[in-house]
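Below, each chain spelled out in residue letters.
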Amino acid sequence: MLQDVVCGREVAETLHDFRAVSRYLTAPPSADGGRSYRLPTSTRSDWVILTVPNRGRPQVSRLTPAGATVRTFASDCSVDERSVARSTPPQEGAVGANRSEGRPARFTDADLGSALSAAAGRPVVVYVWSPHMPLSVDGFAEIQKAADRLGLSVEPVLIARGDADFARREAERVGMPASALREIDSVELVMRDAQVHAPSILVFGPDRVSPVLPGYRNSDGYGRYLTAFLTAG
């Protein structure tokens, strides 16, 4: 990953300082052919992003629910560090607040942590949906059936910035719980590509996380994926 990276030694030291692990996810190349890598750390919702432009100097950012710490490198590879607090969008009302009252409630990293704690060591399935993708609405019943058969809990969450009123109507139509109207506002979910498609699922176990699985499946299809996750551990 660091081959031919300008200031490679200093970048490697920064990755170590930020406690990045060796596993990483890649993003598509930027318009100028630059590369971007996302590296988890040993702490959930604490991620490191390495940006390597096609021309110019790399940048390393540490992203947490509180904000970002950004390191850039001068021509002599000396390090400049700055911190940026995270700006949280306004939120009004209870779960499922309508558009006139503000944006719906959010599903945060704290909510993810609470769901994992409540599962008491059992995996948790995060199901991402959008009212604008009909199969993702219908797919909730399918993932719920599959999870119920395996004794797993499901957290339905809404892709951010959709039509809140439409989402409410669709959730009511198929019997989703009110908690399904929480919009994604989680570093962990965003970094793991949860919003790449609707529907998609991520499975969080006590010590590992599945790759994101985009696309609709019936309950048998979801069941096979969940069973593979369970047996692989």
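Located above this text is the structure these notes cover.
Everything numeric in this text was worked out from a predicted model, so none of it was measured.

A. Layout of the sheet that holds strand β4 (residues 59-64). Here we have six strands laid out as an open sheet, ordered β1-β2-β3-β4-β5-β6, and antiparallel in their pairing. Of all strands in the sheet, those with a lone pairing partner are β1 (25-26) and β6 (79-85), marking the two edges. When β4 meets strand β5 (residues 67-73), the two strands line up antiparallel, connected through six bridges. Paired with Thr64 across the strands is Gly67, a residue of β5. The strands touched by helix α1 (residues 8-17) are β3 (47-52), β4 and β5; relative to β5, the strand with the most contacts, the crossing angle is about 160 degrees.

B. Expanded view of the state of the cysteines. One pass over the full model with this rule turns up one disulfide. Each sulfur of the disulfide joining Cys7 and Cys77 lies 2.0 Å from the other. What sets the handedness of the Cys7 and Cys77 disulfide is the S-S torsion sign, and at about -85 degrees it is left-handed. In this pair, Cys7 sits in the segment before α1 while Cys77 sits in the loop between β5 and β6, placing the two residues 70 residues apart along the sequence. When sorted by exposure, Cys7 lands in the same class as Cys77, which is buried.

C. Looking closely at the packing of aromatic side chains. Applying the stated rule across the entire model yields two aromatic pairs. Centroid distance Tyr24 to Tyr37: 5.2 Å. Interplanar angle 90 degrees. Geometry classified as edge-to-face. Here Tyr37 lies in strand β2 (residues 35-40) and Tyr24 lies in the loop between α1 and β1, a separation of 13 residues in the sequence. Between Tyr127 and Phe140, the aromatic rings sit 6.3 Å apart at their centres with planes inclined by 55 degrees, giving tilted as the arrangement. Linking Tyr127 in strand β8 (residues 124-129) with Phe140 in helix α3 (residues 134-150), this pair joins segments that are 13 residues apart in sequence. Of the two residues examined, Tyr127 and Phe140, each falls in the buried class. The lysine or arginine in question, Arg208, covers the ring of Phe229, its NZ or CZ lying 3.9 Å from the ring centre.

D. Spatial organisation of the pairing of β5. Within β5, six of the seven residues are buried, leaving the element largely enclosed by the surrounding structure. Counting the residues between successive antiparallel strands, the hairpin from β4 to β5 contains two residues. The pairing of β5 with β6 spans seven bridges and is classified as antiparallel. The residue of β6 that forms the bridge with Val70 is Arg82. As consecutive antiparallel partners, β5 and β6 are separated by five residues, and within that stretch Cys77 has a phi angle of approximately 70 degrees, a positive value.

Rules behind the numbers
- Residues numbered from 1 in each chain as written.
- Predicted model: local features only at pLDDT ≥ 70, side-chain atom pairs only at ≥ 80, totals over all residues.
- Heavy atoms only, no water.
- Pairing = 2+ DSSP bridges.
- Helix = DSSP H or I, 4+ residues; strand = E, 2+ residues; numbered from the N terminus.
- Contact = heavy atoms within 4.5 Å.
- Axes fitted to C-alpha atoms, helices over the stretch in contact; angles between N-to-C directions.
- Disulfide = S-S within 2.5 Å.
- Buried < 20%, exposed > 50% of the residue type's maximum accessible area, 1.4 Å probe, protein only.
- Phe/Tyr/Trp six-rings, centres within 6.5 Å; stacked < 30°, edge-to-face > 60°.
- Lys NZ or Arg CZ within 6 Å of the ring centre and 35° of its normal.

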